[in-house]
Every structure is written in C-alpha cells, then in structure tokens.
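One letter stands for each residue in the lines below.
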Amino acid sequence: MGLSGKIVRDVEIKSDGDVFHEIFRYRPHHISTMSPGNIQNVDLHEGDWGSVGSVIFWNYTHDGKEKTAKEVIEAIDEEKKLVRFKVIEGDLLQLYKTFIITVHVDTKGENNLVTWTFEYEKLNGDVEDPTTLMDFCIVVTKDIETHHLK
C-alpha cells in the first residue's frame, strides 16, 4: 500500500446541521465547552474566525495523550456547508507529511449528515492509517450534537 491515503466517514446527527457548520466555521473555540474531555482549547493565531487563511491552534486529547495541532483554513464552501483545514504544525506532522481535514454537513431532509474526510501522506510505511483520529472526530461530533439537543 502507498503512503498516501484517504478516509471518509459519515455520521448522522439530529441537531441542526446549519448550527454544526457554523460551529466549525465561526466558533470552533466553543467546541471545548461541548466536548471538554476531547478538546481542551482552541485559539485563533492569525486572521479572523471563519475566514480562509486564518490559523487555528487546537489543544486536544487523543488516545489518552495531550496533543496540539495548528491548522490553516484552506477552504470554506457556504453552499455545501464545508470547511477544509490543513495541518501545518503539531503532533500529526510527526507521522504524516501532509494532513487535510474536511468537515461537510448535508442538511437535506429531517436528519443531517456530517461527513469527515482525512487526506494524508504518511512519512513512512510504518505509520498507521489515522482511524483512531477519525473515531475521535466522530465522538466530538456526537458530543456537539448532544450539547445542542439539551
């Protein structure tokens, strides 16, 4: 198997899909109050919340370890309710040469579908696919949903 990979996973949410998209676009710094066991802090390092080119710094706990990620917002598509982040610093780059995370919300119908996509290139063949990180994103998604259904 090659060093480049892609993982896509969907999760249905009952909370408002538009609100979910707005959180990842404009208010990722609120996620730490919705999923405090996973996301400890989110800071804006450059630019403005919700703007392409802005740099966001995440403190999170994954696989029982405290980690960090600095990401630049690469793309926002309001019509598709999509935000794409490119990791530019942090723990993931110890394993991956490139790592892009896309979160997309499909709000057609009564239930909303959140799609997470990871596109990555491993530093070497010994690096595992980031399946536990995808599991982490699904847990955070469910935490956000639970928070908004209260």
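Predicted, not measured: the structure shown is a model, and the values here were computed from it.

Sorry if this is basic, but what is going on with the sheet that holds strand β1 (residues 4-13) here?
Judged by pairing direction, the sheet is antiparallel, and its seven strands sit side by side in the order β1-β7-β6-β5-β4-β3-β2 without closing on themselves. At either end of the open sheet lies a strand with only one pairing partner, and these are β1 and β2 (39-46). Within the sheet, the average angular offset between the axes of one strand and its neighbour, ignoring direction, is 25°. For β1 and strand β7 (residues 112-122), the ladder comprises 10 bridges, and the chain directions are antiparallel.

Can you help me understand the pattern of salt bridges in this one?
Two side chains carrying opposite charge are able to pair once their charged atoms lie near each other. The tally for this structure, following the rule as stated, stands at seven salt bridges. A salt bridge links Arg84 to Glu74; the shortest N-O distance between them is 3.0 Å. Here Arg84 is found in strand β5 (residues 82-90), whereas its partner Glu74 is found in strand β4 (residues 65-77), with 10 residues between them in sequence. Arg84 sits in the partly exposed class, given a relative accessible area of 28%. Under the relative-accessibility criterion, Glu74 is labelled partly exposed at 31%.

I tried to follow the packing of aromatic side chains on my own but got confused; where do I start?
The relation between two aromatic rings is expressed through the spacing of the ring centres and the mutual angle of the planes. Applying the stated rule across the entire model yields eight aromatic pairs. On the numbers, 5.7 Å between centres and 50° between planes, the contact of Tyr60 with Phe136 is tilted. With Tyr60 in strand β3 (residues 55-62) and Phe136 in helix α3 (residues 131-149), this pair connects stretches of sequence that are 76 residues apart. The same class applies to Tyr60 and to Phe136, which are both buried. A connected cluster of aromatic rings, assembled from ring pairs, spans Tyr96, Phe99, Phe118 and Tyr120.

How should I be thinking about the pairing of strand β6 (residues 96-106) in this particular structure?
The side chains of a regular strand alternate, first on one face of the sheet and then on the other. Two elements, β5 and β6, share five bridges in a ladder whose sense is antiparallel. Bridge pairing in β6 places Arg84 opposite Thr102. Count of turn residues in the β5/β6 antiparallel hairpin: five residues. For β6 and β7, the ladder comprises 10 bridges, and the chain directions are antiparallel. Bridge assignment links Tyr96 to a residue of β7, and that residue is Lys122.

When you look at the nonpolar core in this model, what are you seeing that I'm missing?
Ranked by internal contacts, the top residues of the largest apolar core, which has 36 residues, are Phe24, Trp58, Phe99 and Trp116. Per-element accounting of this core gives the leading share, seven residues, to α3. Residues contacting Phe99, with those up to four places away along its chain left out, are Phe85, Lys86, Val87, Leu92, Phe118, Glu119, Tyr120, Pro130 and Leu133.

Rules and cut-offs
Residues numbered from 1 in each chain as written. Predicted model: local features only at pLDDT ≥ 70, side-chain atom pairs only at ≥ 80, totals over all residues. Heavy atoms only, no water. Pairing = 2+ DSSP bridges. Helix = DSSP H or I, 4+ residues; strand = E, 2+ residues; numbered from the N terminus. Axes fitted to C-alpha atoms, helices over the stretch in contact; angles between N-to-C directions. Salt bridge = Lys/Arg side-chain N within 4 Å of Asp/Glu carboxyl O. Buried < 20%, exposed > 50% of the residue type's maximum accessible area, 1.4 Å probe, protein only. Phe/Tyr/Trp six-rings, centres within 6.5 Å; stacked < 30°, edge-to-face > 60°. Core = buried A, V, L, I, M, F, W, Y, C linked by side-chain atoms within 4.5 Å. Contact = heavy atoms within 4.5 Å.

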